[in-house]
Amino acid sequence: MVASQIPLKVRQGFILVFVLLVALPILFFSIGKAYYASLVEATEKTLEAHLYSLISEVDFTERGIVMPSTILTPELNRLNSDTYAMVYRGDLPVWYSESATNINFIPDNFEAPAGSADFRRVEYNNTVYWQLTLTVILENIDQSEHARFILLKRNDALLRLMDGFKQTLVNWMYVMGVSIAALMAIGFVWSARPLQRLDKEIKAIESGDNQQIKGLYPVELQTIKADLNLLLESQQRQKERYRASLSDLAHALKTPLAVLKSSPLANDADAQEQLDRINVMIEHQLKRAATGASDTWKKQTHIKPVIDSIISAMSKVYRDKDIIFTSEVSEKDYFLGDKTDLMELLGNLIDNACKACRSQVDIKVKQNKKLTLSISDDGPGVPEHKRESLLTRGTRLDTYESGHGVGMAIVSDLVNSYNGTLTIKDAEKLAGAEFILEFNYHDKK
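So, how was this worked out
Residues numbered from 1 in each chain as written. Predicted model: local features only at pLDDT ≥ 70, side-chain atom pairs only at ≥ 80, totals over all residues. Heavy atoms only, no water. UniProt positions renumbered as here; feature names shortened; annotations may be inferred. Salt bridge = Lys/Arg side-chain N within 4 Å of Asp/Glu carboxyl O. Helix = DSSP H or I, 4+ residues; strand = E, 2+ residues; numbered from the N terminus. Buried < 20%, exposed > 50% of the residue type's maximum accessible area, 1.4 Å probe, protein only. Disulfide = S-S within 2.5 Å. Lys, Arg positive; Asp, Glu negative; His and termini not counted. Polar contact = N/O pair within 3.5 Å; in protein donor to acceptor, adjacent residues only side chain to side chain. Axes fitted to C-alpha atoms, helices over the stretch in contact; angles between N-to-C directions. Parallel < 35°, antiparallel > 145°, perpendicular 65-115°, else oblique. Left-handed = near helix turned anticlockwise from the far one by under 90°. Nonpolar A, V, L, I, M, F, W, Y, C, P; charged D, E, K, R; others polar. Expected span 1.5 Å × (residues − 1). Phe/Tyr/Trp six-rings, centres within 6.5 Å; stacked < 30°, edge-to-face > 60°. Pairing = 2+ DSSP bridges.

Going by what an unreviewed UniProt entry lists, the protein chain is known as histidine kinase and is assigned to Pseudoalteromonas lipolytica. Its UniProt record gives the protein chain a comment under Catalytic activity (unreviewed entry), which states: "ATP + protein L-histidine = ADP + protein N-phospho-L-histidine." The heading Subcellular location (unreviewed entry) in the UniProt record of the protein chain holds the text "Membrane".

The following block contains the structure:
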């Protein structure tokens, strides 16, 4: 569940880190090993070429094996060369190349059939060499003799080539790393752009600016676009049907109620009370059914204009009490739902606070990961043992003499339909009652 909430940017970052810290080093190591293997193979081929060149220059006489003073291979004629050649007859050396003049060791004699070359890595005097050994049969009319040709190549020469190659490879790896990071960033921005446009269109629908998603999107998002538009159209049609049915129901119920209220039965106090209760219950249920909380698609409603409108109205209604209203609300604070529902929630709570207060009502709105609205007054408050029953369905709306309780059933139902919470406690500052509404939008947005 937590893994599914990881942002796309973080996932892209993980991929980039893996490529730069794992994939590229593995690639660097693999290329280095492959290049070194190719150097060893090239060394074997070079030594074989030198070997056959030496064999072609051998002169086998009655005195034995004779080599020219200067051979055709330049590397074997230099004293500071890293390539050496030797010819042995049995265990006796019969010839050294100029480059092997200063060598102070005797190469190992590896057993191999005549005519079969042996190439291997050896170490003499703590120095690593690559050694090629070949035993050949030299003969003339009068005699034949076995001669062992040994060629050596210092491994240091290969390592120097490897160091230069690694430095070049590192430079190219840096270039590749920067290029890959840039390409992945460009690719992410390019791939995320349709999602960003879709998000903007959804927010425009939430704010009421658009009614449908109209942009052009890749094939992968076309199904989502079609489903969202179908959902919006279905919701709008359902909402219109509900409103039409409820309007018809309201008119159908009000007419018989009006007749009953004007009949002789209405003169009876108990009958009048029951008719009033029926009227209040009908109004309550109609408002509840018509609320936007059941909408599949909730729109953003800015809170400040609604609060300002309610305070203005309450100031006129309770002109005689001369109530001091204080509100702490930002222009950016929003309620994720229908404006009518927000007015119903705040209107009932502020109206109750005005009824209960002596002279002051405070309204505070805080929004970060959740929306918190609190309405407090300086009235007598709500006794702790009555708070739970005040929010219980079925409680009479005029139960509490201090004013709290009127419209609380509507408020409680609306809060529940929006998956919010309503808490009643003592106001710290004004010492009256404080009603706190909380809506958690963190998991929804």
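The structure having been displayed, the exposition proceeds.
Draft legend 1. Quick look at the pattern of salt bridges. For the structure shown, the criterion picks out eight salt bridges. Salt-bridge contacts for Arg 160 lead to Asp 82; the nearest nitrogen and oxygen are separated by 3.5 Å. Taken together, the residues Arg 160 in helix H2 (residues 155–206) and Asp 82 in the loop between strand S2 (64–66) and strand S3 (83–89) connect sequence positions 78 residues apart. For Lys 304, the salt bridge goes to Asp 308, with nearest N and O atoms at 3.1 Å. Of this pair, Lys 304 and Asp 308 are both found in helix H5 (residues 303–317), four residues apart, which corresponds to roughly one turn of the helix. Judged by relative accessible area, which is 34%, Asp 308 ranks as partly exposed. In this structure, a network of salt bridges that share partners links the residues Glu 75, Asp 82, Lys 153 and Arg 160.

Draft legend 2. Representation of the state of the cysteines. In this structure the tally under the stated criterion is zero disulfides. Just so you know, Cys 354 is unpaired, no disulfide at all, and the nearest cysteine sulfur is the one on Cys 357, 5.5 Å from it. Of the residues examined, Cys 354 reaches a relative accessible area of 0% and is grouped as buried.

Draft legend 3. Quick peek at the side chain of Asp 378. With respect to the helices, strands and loops of the structure, Asp 378 is situated in the loop between strand S12 (370–377) and helix H7 (384–390). Despite its burial, Asp 378 pairs with no opposite charge; the closest candidate is Arg 358, at 5.5 Å N-O. Reaching out from Asp 378, the side chain makes a polar contact with the backbone nitrogen of Gln 360 at a distance of 3.3 Å.

Draft legend 4. Highlighting the packing of helix H1 (residues 8–57) against H2. Packing of H1 against H2 brings their axes to within 9 Å, and their N-to-C directions diverge by 155 degrees. Looking at the two axes, H1 sits roughly antiparallel to H2. Between H1 and H2 the crossing geometry is right-handed. Here the residues of the contact of H1 with H2 sort into 27 nonpolar, five polar and two charged.

Draft legend 5. Representation of helix H6 (residues 339–356) in the model. In a regular helix each residue adds 1.5 Å, so 18 residues correspond to 26 Å; H6 covers 25 Å between its end C-alpha atoms and thus fits that length. Across the 18 residues that make up H6, a large majority, 14, are buried.

Draft legend 6. Spotlight on the packing of aromatic side chains. Using the criterion set out here, one finds nine aromatic pairs in the structure. Where Phe 105 meets Tyr 129, the ring centres are 5.4 Å apart and the plane angle is 50 degrees; that geometry is what we call tilted. Linking Phe 105 in the loop between strand S4 (92–96) and strand S5 (117–124) with Tyr 129 in strand S6 (residues 127–139), this pair joins segments that are 24 residues apart in sequence. Accessibility assignment for this pair places Phe 105 and Tyr 129 in one class, buried. With 5.9 Å between their ring centres and 40 degrees between their planes, Tyr 124 and Tyr 129 make a pair best called tilted. For the pair Tyr 124 and Tyr 129, a shared accessibility class is recorded, and that class is buried. In textbook terms, an aromatic cluster arises when at least three aromatic residues are bridged by ring pairs, as seen for Tyr 84, Phe 105, Tyr 124 and Tyr 129.

Draft legend 7. Summary view of the pairing of S3. A large share of S3 lies buried, amounting to six of its seven residues. Here S3 runs beside strand S7 (residues 144–154); their pairing, made up of six bridges, is antiparallel. For Val 87, the partnering residue across the bridge sits in S7 and is Phe 149. In the sheet, S3 pairs with S4 via four bridges, with the strands oriented antiparallel.

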